[in-house]
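The residues making up each chain are set out below.
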Amino acid sequence: MRVLGIDPGTRLVGYGLVSADGNRYRAQEYGVVTVESGLPFPEKLLCIYNEISSLIERLHPDAAAVEETYVTQNAKTTLRLGHARGVILLALAGKGLPVGEYAPRSVKQAVSGRGNASKEQVQWMVTQILGLQGAVIAEDASDALAISLCHLLRNEHGTLR
């Protein structure tokens, strides 16, 4: 089972493809899609949609997992993040992928055992579980790998119930 995890954003979109073979997990690919800051917002959304669609076509995941939107103090930021998440979900659904959606607290709980774990603790656990000790992983990519792992750990290796 290969799960593409996505950490939505309007400037940076983290992604991570994790495969599961029994109780063994392996990072197949991970990285960050960078959206040009000077683009008008509708064009940023189009860029995100196109990049996620390209990733799906290239990586051939069996399922996907996306972090749910967290509410910030700034309503405009939260709304824009929701738009980015929407085009990501559209790209995934358009390719026929089953999609799991997880709250940040659920991702932390699944990966580290604590729903209030710090980003550093989650990143450390991701590197341990995936055997990536010593690798330099961007925060958004690490979050995406954690989302993939959450999906695999919570859903019997990626099969949605």
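Keep in mind the model is a prediction, meaning the values are calculated, not measured.

Following the sequence through the fold, G16 ends up in strand β2 (residues 12–21). Between the C-alpha atoms of G16 and A144, which are 128 residues apart in sequence, the distance is 5.1 Å. Ignoring anything within four residues of it in the chain, the contact list for G16 reads V3, L4, G5, E29, Y30, A144, L145 and S148.

Attention shifts here to the packing of aromatic side chains. Two aromatic rings, taken as a pair, are described by how far apart their centres are and by the angle between their planes. Inspection of every chain in the model, using the stated rule, returns zero aromatic pairs. Cation over ring: R80 sits above F41, and NZ or CZ is 4.1 Å from the ring centre.

With that settled, consider a nonpolar patch on the surface. Side chains of L46, Y49 and L90 sit close together on the surface and give an oily, nonpolar patch of about 280 Å² of accessible area. Within the element layout of this structure, L46 appears in helix α1 (residues 41–59). For L46, a relative accessible area of 49% gives the class partly exposed.

Unlike most non-glycine residues, H60 shows phi in positive territory, near 55°. Mapped onto the fold, H60 is located in the loop between α1 and β4 (63–67). Classification of H60 by relative accessible area gives exposed; the value is 56%.

With that out of the way, let us pick up the pattern of salt bridges. Across all of its chains, the model carries five salt bridges by this definition. Residue R58 is joined to E29 by a salt bridge in which the shortest nitrogen-to-oxygen separation is 2.7 Å. Of the two residues, R58 is situated in helix α1 and E29 in strand β3 (residues 24–34); the sequence distance between them amounts to 29 residues. What makes R58 partly exposed here is its relative accessible area of 47%. With a shortest N-O distance of 2.6 Å, K95 and E57 are connected by a salt bridge. Linking K95 in the loop between α2 (75–94) and β5 (99–102) with E57 in helix α1, this pair joins segments that are 38 residues apart in sequence. Of the residues examined, K95 reaches a relative accessible area of 37% and is grouped as partly exposed. Sharing partners across several salt bridges, the network here consists of K119, E139 and D143.

Rules used throughout
- Residues numbered from 1 in each chain as written.
- Predicted model: local features only at pLDDT ≥ 70, side-chain atom pairs only at ≥ 80, totals over all residues.
- Heavy atoms only, no water.
- Helix = DSSP H or I, 4+ residues; strand = E, 2+ residues; numbered from the N terminus.
- Contact = heavy atoms within 4.5 Å.
- Phe/Tyr/Trp six-rings, centres within 6.5 Å; stacked < 30°, edge-to-face > 60°.
- Lys NZ or Arg CZ within 6 Å of the ring centre and 35° of its normal.
- Patch = residues over 30% accessible without salt bridge, like charges linked within 9 Å, V, L, I, M, F, W, Y side chains within 5 Å.
- Areas by Shrake-Rupley, 256 points an atom, 1.4 Å probe, with all protein chains shown as cover.
- Salt bridge = Lys/Arg side-chain N within 4 Å of Asp/Glu carboxyl O.
- Buried < 20%, exposed > 50% of the residue type's maximum accessible area, 1.4 Å probe, protein only.

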